[in-house]
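Here's the letter readout for the chains.
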Amino acid sequence: MAGEKEKEEKETKLTMKRNILTFVLLILSLGQGFAQEVVSLNGIWDFKIDRYNQGLKNQWFLEPQNQDWGKLEVPGNWDTENEYANFSGVAWYHTTFATSENVKDKLVRLYFESVYNEATVWLNGEKLGTNPFGFLPFEYKINEKLRADRPNDLVLRVDNTFKRGAIWNWGGIRRPVHLEITEKYRLVAQKVIATPDLEKGTASIVMNLAFENNQLGEKDLSYAIEIASKDNPSKVLLKKKGNIVVGQGATKVVDINFNLSKKYVKLWDYNHPNLYLSKVTIFDGKEKIQEATDRFGIRKLEVVGMELHLNGKNFRPLGFNVVPDDRFTGNTLNRERILEDIALMKSLGANFARVSHLPLPKEYLDLLDENGIMTFEEVALWGKDKWVDPNHPMPKAWLETMISTKYNHPSVIGWSVGNEIGYRSANPLVNEYVKSAIDHAKKLDPSRLAVYVSHSAQNQENDASQYCDLVMLNIYGGWGNALKKCHKNFPNKPIFMSEYGGRLTSEFPNEGIVDGKKMLDQMRGKDYCVGASLWTLNDYRSMWHGNTGWATTESQNRAWGLVNTYRQKKRAYFHFREQYAPFDTLFVEHNSLENTKQHSQIVLQPRPEKGLPAYELIDYNLVVKTFDKEGNELSSTTKKLPSIYPGGKELKVAFDWTKTTEVAMTQVLITDALGYDIFNINEYFNAPATPTVRTVLNSTAKGRIVFDKVWNAEEYKLYYKGKDGELQETEPTIDNYIQLGQLKKNKKYDCELVAINSFGESERFAFVFEKNEEELPPLIFIMEGGENCIFIGYDSHPSDFLYDVRYGTEEGELDQEMSFNLRGSYKIPFLQPNTTYYIQMRKRMQWGFASQWSETYKVTTKNNSKTTQ
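Residues numbered from 1 in each chain as written. Predicted model: local features only at pLDDT ≥ 70, side-chain atom pairs only at ≥ 80, totals over all residues. Heavy atoms only, no water.

Participant: Which parts of the structure should I look at to understand the nonpolar core?
Facilitator: Core analysis: the largest hydrophobic core is formed by 123 residues, its most contacted members being Phe-320, Met-345, Met-497, Tyr-500, Met-523 and Ile-602. Sequence-distant contacts of Met-345, that is, excluding residues within four places in its chain, are made with Phe-320, Val-322, Ala-350, Ala-353, Tyr-364, Ile-373 and Leu-537. Formed by 33 residues, the second largest nonpolar core is a distinct cluster that contains Tyr-93, Leu-123, Val-158 and Ile-173. (Core = buried A, V, L, I, M, F, W, Y, C linked by side-chain atoms within 4.5 Å. Buried < 20%, exposed > 50% of the residue type's maximum accessible area, 1.4 Å probe, protein only. Contact = heavy atoms within 4.5 Å.)

Participant: What's the story with helix α8 (residues 571-579) in this structure? I'm lost.
Facilitator: Residues separated by three or four positions in an α-helix point in the same direction, a consequence of the helix having 3.6 residues per turn. The complete set of buried residues in α8 reads Ala-572, Tyr-573, Phe-576, Arg-577 and Gln-579. Considered in projection along α8, the buried side chains sweep an arc of 165 degrees and stay on one side of the axis. Looking at the buried positions of α8, the neighbouring elements they touch are β21 (318-321), α2 (335-347), β27 (495-501), α7 (516-523), β28 (529-535) and β37 (677-684). (Helix = DSSP H or I, 4+ residues; strand = E, 2+ residues; numbered from the N terminus. Arc of directions from axis to C-beta.)

Participant: Is there a simple way to explain the environment of Ala-441 in this structure?
Facilitator: Considering the arrangement of structural elements, one finds Ala-441 in helix α5 (residues 430-444). In this structure the C-alpha to C-alpha distance between Ala-441 and Leu-399, which are 42 residues apart in sequence, comes to 7.4 Å. Apart from the residues within four sequence positions on either side, Ala-441 is in contact with Leu-399, Ile-403 and Ala-450.

Participant: Can you help me understand unusual backbone geometry in this one?
Facilitator: Residues apart from glycine generally show negative phi values, whereas peptide bonds are mostly found in trans. With an omega of 0 degrees, the peptide bond running from Val-74 to Pro-75 counts as cis. For the peptide bond that leads from Tyr-116 to Asn-117, omega is -5 degrees, which places it in the cis range. The residue Asn-117 is located in the loop between β5 (107-112) and β6 (118-123) in this model. Positive phi, normally seen in glycine, also occurs at Asn-53, with a value near 55 degrees. Of note, Asn-124 is a non-glycine position whose phi angle comes to about 50 degrees, a positive value. For Asn-124, the location among the structural elements is in the loop between β6 and β7 (126-131).

Participant: Got a minute to help me understand the side chain of Thr-861 in this structure?
Facilitator: You can see Thr-861 is positioned in the segment after β51 (857-860). We classify Thr-861 as buried; its relative accessible area is 3%. Among the polar contacts made by the side chain of Thr-861, one reaches the main-chain amide nitrogen of Asn-834 at a distance of 3.1 Å. If we ignore the near neighbours within four places in the chain, the residues touching Thr-861 are Gly-785, Gly-786, Asn-788, Cys-789, Ile-790, Leu-831, Gln-832, Pro-833, Asn-834, Thr-835 and Tyr-837. (Polar contact = N/O pair within 3.5 Å; in protein donor to acceptor, adjacent residues only side chain to side chain.)

Participant: What is the right way to read helix α3 (residues 362-371) from this model?
Facilitator: Most of α3 is tucked away, with seven of its 10 residues classed as buried. Every buried residue of α3 is listed here: Tyr-364, Leu-365, Asp-366, Leu-367, Leu-368, Asp-369 and Asn-371. The inward-facing, buried residues of α3 contact β17 (287-296), α2, β23 (375-378), α4 (393-406) and β24 (412-419). Where α3 terminates, the next one or two residues include Gly-372, which has phi positive at roughly 70 degrees.

Participant: Is there a simple way to think about the packing of α4 against α5 in this case?
Facilitator: Two measures define how a pair of helices packs: the angle their axes make with one another and the distance between the axes. In the contact formed by α4 and α5, the axes pass within 11 Å of each other and the chain directions differ by 25 degrees. One way to sum up the angle between α4 and α5 is to call them roughly parallel. Both α4 and α5 take part in a crossing whose hand is right-handed. Together, Pro-395, Lys-396, Leu-399, Glu-400 and Ile-403 of α4 and Tyr-433, Ala-437, His-440, Ala-441 and Leu-444 of α5 make up the contact between the two elements. Looking at the contact of α4 with α5 residue by residue, the classes come out as seven nonpolar, one polar and two charged. (Axes fitted to C-alpha atoms, helices over the stretch in contact; angles between N-to-C directions. Parallel < 35°, antiparallel > 145°, perpendicular 65-115°, else oblique. Left-handed = near helix turned anticlockwise from the far one by under 90°. Nonpolar A, V, L, I, M, F, W, Y, C, P; charged D, E, K, R; others polar.)

Here is the structure:
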């Protein structure tokens, strides 16, 4: 305990030194003629939960130094910490930062990118306000409330008891916090309205600039605008200068118009997500005082009759609902997690993502912009909701904030004003609310679609979908019949299946099967169904309890996804890779495999013009690779494919390659214009290498064989002699373990493990298995090194009482041990950075017996960088 306290004190001192140093650098920069600075307040903050809601009563915000605080990283979620893993309620945060007299004449704003859900903020004991929108940014002007004689105390009271649907209500300051210092007169925002003329190939651009003046007297300012391509930022395509006078205490908006000639217009779409940079520089006389840069895209999305058009062309997208969270980092959404999820979607051929009903942070939308994935941003009203009222101020404020902060993202193709709120029995004013909200969205942004997401349009002729640009429909089962009924009710509106699914699958990759073909075949052939989005790409943490087929696992992982919460691919992933491919068939033909010089071809049949999916494939490539027996790449060639259009004729593309005795596998890939592999065909010329058994675990009920996978295997299975001595075999698996059941105890079984690919089976790894009276340890999905910690993801069972882990820095000397009862996920804290640990895990059953220890895992921690910026 003394060591932990010393560590906390050291982290606090480092954070304070960081803030003081940052402000020293800030004050120096303010004297250099460019009075604009962003100061990060990320780091280690004081933290404590308020289980009995005593903080307000006892005024913890007045003298925060006198409170007994723990420590927590910001940004972050408290429920990723073992101590607060299942806590819903109120928690408090505190940090300090130093300022100087030099900023008293500046405008200082305190900016929170996202705090879930309700956050009340105090600075130096004075309440700044309360923000009830847990997924949207908010800010306060604080220059009049700062003090220079001692550090400033910043305190937050955060309440995460607000919940929407089955997703986990992750609590805390989940996104970055910073101060922004400018002159008191400044550019507040730039909104870019980019409209292409599809016939002429040109585009009109309106820069909508908002200025404010917080000083006494009116202020004369000048501005300079430059527009460039993101790919070539040094070449300015358009520029313009101007002057503006802003009255005392006023906000003034001005529109500046540009015309972009045809040679510089590059439209944004799913194949080529072209982006532009808009830079606005503000001057006070000759002094440069502010510079603001944003990005935008030029594209036109519209409903034309019964079709969805992007840039004047019909397209019929398929995609996913994504729940953007992680068992180890919550919904803080580090960049690596966002990029991995985007790569998974792109590898599945997706060009649409509806992301779990909730608004996304700027960083996430930036990456969707860059990767050509379209989305709807949503006001997260759901089910029976008191906010479903045209006169309620909250959803209107939510919509206005959402549109104003996300307007420039071309990936955002529409605004949704609610999800599954359509039955009047639950929400009597739903039609009035939806009509009012959509009218308001159209007034704020006439360039995008405006919808609400319905689960009732198939059953109500007067459903609020009548006010939407298209019907967004959520259906779980009976997809084709629901579509027909919905189309009968709304014959003049196209339908997008915003959520479709059946029943929950398994969190275990080999058992994770989702019949996408069955569902999609009921949508295909219906021209009015213009697209669909599966619920979901990924499993996610949840406490949702439901009937059979709808209940969350004991490990708190809600298993809807094609990948589990650790992004391990299930069998369903590979099935959907075929179903979402933009071609009906794709195969490889060889003239002969006997020759060294090979002349082969792919044969590709595009989807029908009204198929699902159906979109143009421009600048796609054929990539052919060869590998040796060890998995080393021997050769790689790339050939550009001709443009491929829905409804087109069968396409044959020839390619040459060399087949030597070294070649163990060829891989034929189709890559999109951004280089993502959207489909592959592997052809093997050798059986896989022999897999190696790591551990054999056994119990009264079943046995578990854990093995190391080999690079060129697609599946694995086990041969063994059964109860009567006959040879039996297991079903093939894609997991790294095989479990055996219904075997006699205290009997030895001769077993042989094999790896399988399309060429055949590997040589067999032989071993002897014997059942006994012990219990099996938890199935461990993953052990992963974090910053001074190690994360463990594992399965849980209702009969589990406790879990134990033991670990050490020497194999065979696991001298540290701890026990816990958390389901599904655990973090081993207080470890040394950049250190390799050996770890085992077991469970204790509710009747008192302990299982065997698991196989040993070797994991290396990362360096601690939390207290430095």
